[in-house]
Amino acid sequence: MNAIEVRELTRNYGKLIAVDKVSFQVFEGEIFGFLGPNGAGKTTTINMLCTLLKPTSGKAVLCGHDVQTHRNQVRHCIGLVFQDPTLDEYLTAEQNLRFHAYAYKLPAELREKRITEVLALVDLSDRRKSHVRTFSGGMKRRLEIARGLLHNPKVLFLDEPTLGLDPQTRRHIWNFVLQLRQQQKLTIFLTTHYMDEAENCDRISVIDHGHIIALDTPEKLKDSLGGDVVTMMAEDNDAAARELKEKFNLSPEIQNGHITFSVPRGEVFLPRLIQNFQEPLISIGVHRPTLDDVFIKLTGRAIRDAEMGEKDQMKQMMSMRMRGR
């Protein structure tokens with residue numbers, strides 16, 4: 001059985017179609033990356049999967065439970081680690097967990113046992129009676145993961161789990177997540193803006209403008225670019241792009257003042273290009289494809305490009321409704 005099954009899931013806000021007939025599956029035990037630029041439909045999809053938002057149409061099933069007709073069962077089989085901190089910093093670590101245990105109605109005989117287990121799991125046993133306001137950013141994130149695991153979920157949603165953390169802490173959190181996946185046999189549904197983190201996923205789905213535009217393993221997504229990525233800048237980029245197309249039968253793209261294109265065995269192609277190219281070049285380089293390259297190729301922009309987010313779109317739409325537009 002798949003951990004998650006999504007079929008033609010759709011969500012409209014008036015005339016705005018935020019998610020348009022999205023379909024995908026998440027296998028049990030895999031790390032599934034769900035990537036997309038701001039406003040692409042990512043947050044809306046996740047909110048529907050977590051029963052926080054009702055679909056307009058379509059179907060989503062988590063752990064065998066329909067998100068519309070069996071919401072409580074879905075909520076008990078998932079754990080959530082939100083992008084924004086949701087811990088009460090004036091409570092201790094164990095008090096935060098105990099409050100969550102009450103919310104999920106964990107039996108009294110199981111409650112303290114699970115609190116002890118998850119604190120040990122995230123290496124915070126010695127800080128269980130410390131107030132959260134004394135924790136570092138990485139410790140808070142580990143405590144939030146512990147809270148998400150307290151009720152023994154089968155699927156853990158990690159929304160930007162390392163956002164705002166320093167590189168060393170990010171690496172530590174990911175070592176922990178990968179160890180956790182192996183030990184607990186969890187299915188992990190991940191969103192991230194860090195493409196190096198997305199490399200940890202078994203498969204990645206890219207959503208843009210409410211549609212799934214790619215779904216495959218990281219390696220196959222990178223292979224789909226057709227080879228190594230060459231980036232160059234010429235005195236006249238337009239003229240250089242025409243020469244690349246006419247002389248080398250390439251399909252270059254101009255973005256942010258640079259020309260990019262893909263070729264097999266870039267290190268062999270580059271000397272031949274330089275020897276035979278007429279337009280004066282300012283710079284040129286070659287590298288193996290990355291998920292950043294894939295994302296730019298698929299969406300036309302980097303994942304960090306600033307755009308109006310989905311929350312802003314919703315606020316704008318609600319404001320227009322209130323003004324009677």
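Residue numbers restart at each chain and count upward from 1, following the sequence in its written direction. This being a predicted model, a pLDDT of at least 70 is required before a residue's local features are given, and a value of 80 or more before pairs of side-chain atoms are given or counted; all residues contribute to the totals for chains, interfaces and linings. As a convention, hydrogens and water are excluded, and side-chain values are obtained from all of the structure's heavy atoms.

Novice: What am I meant to see in the pairing of strand β2 (residues 16–26) here?
Specialist: For a regular strand, side chains alternate in direction, first toward one face of the sheet and then toward the other. Note on pairing: DSSP must find at least two bridges between two strands before they are called paired. Counting from the N terminus, the helices are the DSSP runs of H or I reaching at least four residues and the strands are the DSSP runs of E reaching at least two. Inspection of the sheet shows strand β1 (residues 4–13) paired to β2 by seven bridges, in the antiparallel sense. Considered in β2, the bridge of E5 is made with Q25.

Novice: What exactly am I supposed to notice about the sheet that holds β2 here?
Specialist: Strand pairing within a sheet occurs via backbone hydrogen bonds; the two strands may be parallel or antiparallel. Read across the open sheet, the four strands follow the order β2-β1-β4-β5; overall the sheet is antiparallel. In this open sheet, the two strands that pair with only one neighbour each are β2 and β5 (65–66). For strand β4 (residues 57–62) and β5, the ladder comprises two bridges, and the chain directions are antiparallel. Looking across to β5, one finds that L62 is bridged to H65. Here, two residues are considered to be in contact whenever any of their heavy atoms come within 4.5 Å of each other. To get an axis, a line is fitted to the C-alpha atoms, and for a helix only the part in contact is used. The angle between two axes follows their N-to-C directions and goes from 0 to 180 degrees. Here helix α1 (residues 42–49) sits on the sheet in contact with β1, β2 and β4, set at roughly 120 degrees to β1.

Novice: Help me understand the packing of aromatic side chains in this model?
Specialist: Classification of ring pairs uses Phe, Tyr and Trp, with its six-membered ring standing for Trp, and accepts pairs whose centres are within 6.5 Å; under 30 degrees between planes counts as stacked, over 60 as edge-to-face, and the remaining range as tilted. With the rule as written, the count across this model stands at eight aromatic pairs. Taking the centre distance of 5.6 Å and the plane angle of 80 degrees together, the rings of F248 and F269 count as edge-to-face. Linking F248 in helix α9 (residues 237–248) with F269 in helix α10 (residues 266–276), this pair joins segments that are 21 residues apart in sequence. Accessibility classification places F248 together with F269 in one group, the buried group. For every residue, the accessible area (1.4 Å probe, protein chains only) is compared with the maximum for its type, and the residue is labelled buried under 20%, exposed over 50%, or partly exposed between those bounds.

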